[in-house]
Amino acid sequence: MNEQARRERELFTPGHYGCPGCGAALAMRQTLSVLGEDTIIVMPAGCWSTFIGIYPYSCLTVPVVSVAFASTAGVAAGVKGGLTIQGNEHTTVLAWAGDGGTFDIGLQALSGVAERNEDILFICYDNEAYMNTGIQRSSATPAGGWTTTTPDSARKTQRKKNIVEIMAAHRIPYTATACIGAPADLAKKVGRAKALRGTRFIHLFASCPTGWRHATELSLEVAREAIKSRVFPLYEVFDGDTWKISPMPEKEPVDSYLKIQGRFKNMSGSQYQDFQKQVDEDWERLLERCGPVRSKE
Ligand SMILES: Cc1ncc(C[n+]2csc(CCOP(=O)(O)OP(=O)(O)O)c2C)c(N)n1
Ligand SMILES: [Mg+2]
């Protein structure tokens, strides 16, 4: 196969079991198109490991190792170690986990791997809840959001955990946020992460029509609104200490982002105001970290 055909080859083939409009499916497609076929994926339980297909069928044409929830990062480091012993320095080992498998259950193994600066790329596709088991809240669910375990009568009050700050605190070579609503930016960051060595972490925002209660055709729109409103700002952190904001459109209020999703319906006035206030505070904090040089679109 020549180089161009190799590049154009679709590594995510039709026939997965994901919901219509699944942002996490798109996230994988966008990621794999950059990483290419010389990739091994390590994946814990979650929507992705379920909708990939039932053995021997798989919608992915690269090898996938399915692992126990808490072990993803550790297994990925082990796979990389095995490859190195075989003299293979070129294959990218991608640990691919949901927010539950990253922010909560996989955090200890991930922290260990980052502290040792193991040579893996860890991407968390964040759909802000335990979707595969029925939309339960995780520590990535935003305050004020509905899930089946934070119903209208008891919406979540805790703020979303800042996983990027946690990972950057390990001083790993590369930490970044990316979003399916900004595919060129996502491709640039995955490419940058692929070229670096050591632990690389990408927090990837992936909308979920089923859990977020929005129309299936609005997944990209919701993701774009998350960027515009700064609910999910795009930035990079190099070696844990150099923070850089990525190009983004002008900042907008959170209204459009909240209104197109059923999970934020019936928020009280104070929940609504708190949501905006938290987004503004986080944005200011990020600007301070990034210093005076800010790139614009
Ligand atoms: C040790 C363990 N605990 C719980 C489960 C049940 N389980 C399977 S998928 C899942 C949800 C995972 O959520 P997340 O990582 O956010 O991925 P998503 O389903 O949202 O894609 C849970 C709790 C499991 N498989 N193993
Ligand atoms: Mg999830």
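Residues numbered from 1 in each chain as written. Chains lettered and ligands numbered in written order. Predicted model: local features only at pLDDT ≥ 70, side-chain atom pairs only at ≥ 80, totals over all residues. Heavy atoms only, no water.

Q: I tried to follow the coordination of the magnesium ion (ligand 2) on my own but got confused; where do I start?
A: Six octahedral donors at a metal ideally form angles of 90 or 180 degrees, and four tetrahedral donors ideally form angles of 109.5 degrees. For the magnesium ion (ligand 2), the full set of protein donor atoms is Asp99 (OD), Asn127 (OD1) and Ala129 (O), at a range of 2.0 to 2.1 Å. Along the chain, the residues donating to the magnesium ion (ligand 2) fall in the pattern D-x27-N-x1-A. Residue asparagine 127 is classed as buried on the basis of its relative accessible area, which comes to 6%. (Donors = N, O, S within 2.8 Å, 3.2 Å for Na, K, Ca; no water. Buried < 20%, exposed > 50% of the residue type's maximum accessible area, 1.4 Å probe, protein only.)

Q: Quick question: what am I supposed to make of the pattern of salt bridges here?
A: Two side chains bearing opposite charge may form a pair once their charged atoms approach each other closely. Counted according to the given criterion, the structure contains 20 salt bridges. Arginine 289 is paired through a salt bridge with glutamate 165; the nearest N and O atoms lie 3.6 Å apart. Pair noted here: arginine 289 is in helix 12 (residues 269-290) and glutamate 165 is in helix 7 (residues 163-168), with a separation of 124 residues, a long-range link. Overall, arginine 289 belongs to the partly exposed group, its relative accessible area being 36%. (Salt bridge = Lys/Arg side-chain N within 4 Å of Asp/Glu carboxyl O. Helix = DSSP H or I, 4+ residues; strand = E, 2+ residues; numbered from the N terminus.)

Q: Please clarify how the site of ligand 1 should be interpreted in this entry.
A: As a matter of local geometry, ligand 1 sits amid 15 residues, with Gly100, Gly101, Tyr125, Ala129 and Asn132 nearest to it. Within the backbone of glycine 101, one N or O atom sits 2.9 Å away from an oxygen atom of ligand 1. Asparagine 127 places a side-chain nitrogen or oxygen 3.0 Å from an oxygen atom of ligand 1. When ligand 1 is considered free in solution it has 590 Å² of accessible area, and contact with the protein chains removes 70% of it. In terms of residue class, the shell around ligand 1 is built from 7 nonpolar, 7 polar and 1 charged. (Near = heavy atom within 4 Å. Polar contact = N/O pair within 3.5 Å; in protein donor to acceptor, adjacent residues only side chain to side chain. Areas by Shrake-Rupley, 256 points an atom, 1.4 Å probe, with all protein chains shown as cover. Nonpolar A, V, L, I, M, F, W, Y, C, P; charged D, E, K, R; others polar.)

Q: For this particular structure, what's the right way to read helix 2 (residues 23-35)?
A: Three or four residues apart is the spacing at which side chains of an α-helix point the same way, because the helix has 3.6 residues per turn. Given a rise of 1.5 Å per residue, 13 residues ought to cover 18 Å, and the 18 Å separating the end C-alpha atoms of helix 2 matches this to within 8%. Residues of helix 2 that are buried include every one of Gly23, Ala24, Ala25, Ala27, Met28, Gln30, Thr31, Leu32 and Leu35, and no others. Backbone geometry just downstream of helix 2 places glycine 36 in the positive-phi region, at approximately 80 degrees. (Expected span 1.5 Å × (residues − 1).)

Q: What exactly am I supposed to notice about the pairing of strand 4 (residues 121-126) here?
A: Walk down a regular strand and you will see the side chains alternate between the two sheet faces. Within strand 4, 6 of the 6 residues are buried, which leaves it mostly tucked inside the rest of the structure. Burial along strand 4 is two-sided: the residues Leu121, Ile123 and Tyr125 and Phe122, Cys124 and Asp126 are all buried. With 5 bridges connecting them, strand 3 (residues 92-98) and strand 4 associate as parallel partners. Counted as the bridge partner of alanine 95 is phenylalanine 122 from strand 4. Bridge count between strand 4 and strand 6 (residues 200-205): 6 bridges; the pairing is parallel. Following the sheet pairing, aspartate 126 is matched in strand 6 by phenylalanine 205. (Pairing = 2+ DSSP bridges.)

Q: Just to check I follow, could you spell out the pairing of strand 8 (residues 242-245) for this structure?
A: Along strand 8, the buried face is formed by Trp243 and Ile245; none of Thr242 and Lys244, which line the opposite face, is buried. Taken together, the 4 bridges between strand 7 (residues 235-238) and strand 8 define a ladder with antiparallel strand orientation. From the neighbouring strand, glutamate 236 faces strand 8, where its bridge partner is lysine 244. In sequence, strand 7 turns back onto strand 8 through a hairpin of 3 residues, with aspartate 239 there showing a positive phi of about 55 degrees.

Q: When you look at unusual backbone geometry in this model, what are you seeing that I'm missing?
A: Residues apart from glycine generally show negative phi values, whereas peptide bonds are mostly found in trans. Proline 56 follows tyrosine 55 through a cis peptide bond whose omega is 10 degrees. Relative to the helices and strands, proline 56 resides in the loop between helix 3 (47-51) and strand 2 (64-66). The residue arginine 171 is not glycine, and still its phi comes out positive at about 55 degrees. By secondary structure assignment, the location of arginine 171 is in the loop between helix 7 and strand 5 (174-179).

Q: Would you mind showing me how to read the sheet that holds strand 7 here?
A: By way of backbone hydrogen bonds, the strands of a sheet pair with one another, either parallel or antiparallel. In spatial order, the strands read 2-1-3-4-6-5-7-8; together these 8 strands make up an open sheet with mixed pairing. Each edge of the open sheet carries a strand with a single partner, namely strand 2 and strand 8. Going across the sheet, the axis of each strand differs from the next one's by a mean of 20 degrees, ignoring polarity. The sheet contact formed by strand 1 (residues 39-43) and strand 2 spans 3 bridges and is parallel. Among the inter-strand pairings, valine 42 is bridged to a residue of strand 2, identified as valine 65. Sheet contacts for helix 2: strand 1, strand 3, strand 4 and strand 6; angle to strand 3, the most-contacted strand, approximately 170 degrees. (Axes fitted to C-alpha atoms, helices over the stretch in contact; angles between N-to-C directions. Contact = heavy atoms within 4.5 Å.)

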